[in-house]
Amino acid sequence: MKRLTDWYFNSLKKQILIPFMALIMISGMAISYMSYKNSIELTTKELTGTTEEQTKSMNDSFKIFFHKTENQLDRISKYPIMRTYDKNPESIMDEFSHTQSSSSEINGLYLGTEKDGKTLIFPKADLPADFDPRQREWYQSALKQKNKTIWTEPYTDQATNELVITAAKAIYDDRDELIGVLGVDISIDTLITMVNQTKFGETGYTVLLDQKGSFVTHPDKEKIQQDISKENIFKK
């Protein structure tokens, strides 16, 4: 009888203990999962906020950089010597030299003339004999945006064989007749240095794309100029 009673109580304990322990384990797992989920959501929110602030800061840096370059072009374009380039080429080259020495990000400066298709360029470079600035994209694009500075897509500069972007602006004389187009080359390496100054976590990195969806900068230089315009990340 005692054995039967002991067996009964042991069985009853198991019936009570097993569900109770299972309930504790399930509750513990649920609490752990919710804590983990909340932690992930909080961390994600914090990282998203930090990333947005860093991106905004970088965007502001680029605005300042591009604005500075545009101001330099505007300043040079208003100099009287630009209107008499054929009489004062040395003065123009001196101004180009001074501007570049005060702005390390500038690769080169040049004036392509409308009248005779000449190119005043600093630093001096050996251009092909048939080089005509009027046929270049930067020249033609500037003519379409009168009184405005345009920025080109990245391209390989014929003078230096480097990948650059160009800021260009058409200049006119007092009678509003076209003199030519003033251009400033910025090395892609300058932009890469700017974006690499911002780090995102342990493995995050920054890329810059142009309006058409091609990489202007990327940690892997082989991907520069690669088109991703059809990918969701660019469409969004």
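This is a predicted model, so every value here is computed, not measured. (Residues numbered from 1 in each chain as written. Predicted model: local features only at pLDDT ≥ 70, side-chain atom pairs only at ≥ 80, totals over all residues. Heavy atoms only, no water.)

**Q** Outline the overall build of the chain, supporting the account with residue identities and numerical values.
**A** A count of helices and strands for the chain gives five helices and eight strands. The N-to-C order of helical and strand elements in the chain reads α-α-β-β-α-β-β-β-β-α-β-β-α. For the chain, buried positions account for 32% of its 236 residues. A sequence separation of at least 24 residues applies to 50% of the contacts in the chain between residues at least 6 apart. Carbon and sulfur atoms form 54% of the exposed surface of the chain, whose accessible area is close to 15,800 Å². (Helix = DSSP H or I, 4+ residues; strand = E, 2+ residues; numbered from the N terminus. Buried < 20%, exposed > 50% of the residue type's maximum accessible area, 1.4 Å probe, protein only. Contact = heavy atoms within 4.5 Å. Areas by Shrake-Rupley, 256 points an atom, 1.4 Å probe, with all protein chains shown as cover.)

**Q** Now, about the environment of Leu182: what can you tell me, with residues and values included?
**A** Here Leu182 shows up in strand S6 (residues 178-187). Taking the relative accessible area as the measure of exposure, Leu182 reaches 1% and is therefore buried. Once the C-alpha coordinates of Leu182 and Ala142 are considered, the two residues, 40 residues apart in sequence, prove to be 8.9 Å apart. The residues contacting Leu182, other than those within four sequence positions of it, are Leu73, Ile76, Ser77, Met82, Phe96, Tyr110, Leu111, Ala167, Ala168 and Lys169.

**Q** Describe the nonpolar core, and please don't skip the residues or the numbers.
**A** In summary, soluble globular proteins display a tendency toward joint burial of nonpolar side chains. Counting 28 residues, the largest nonpolar core has Met82, Ile92, Phe96, Leu111, Leu182, Ile188 and Leu191 as its most contacted members. Counting residues per element, the ones that place at least two in this core are helix H1 (2-77), helix H2 (89-101), strand S1 (106-113), strand S5 (163-172), S6 and helix H4 (188-196). Ranked by size, the runner-up nonpolar core spans twelve residues in total, among them Tyr139, Ala142, Val164 and Val181. (Core = buried A, V, L, I, M, F, W, Y, C linked by side-chain atoms within 4.5 Å.)

**Q** Which residues make up the pairing of strand S2 (residues 119-122), and what are the values?
**A** Alignment of S1 against S2, held across four bridges, turns out to be antiparallel. Across the sheet, the residue bridging to Leu109 is Phe122, located in S2. Between the antiparallel neighbours S1 and S2 lie five residues, among them Gly117 with a positive phi of about 70°. (Pairing = 2+ DSSP bridges.)

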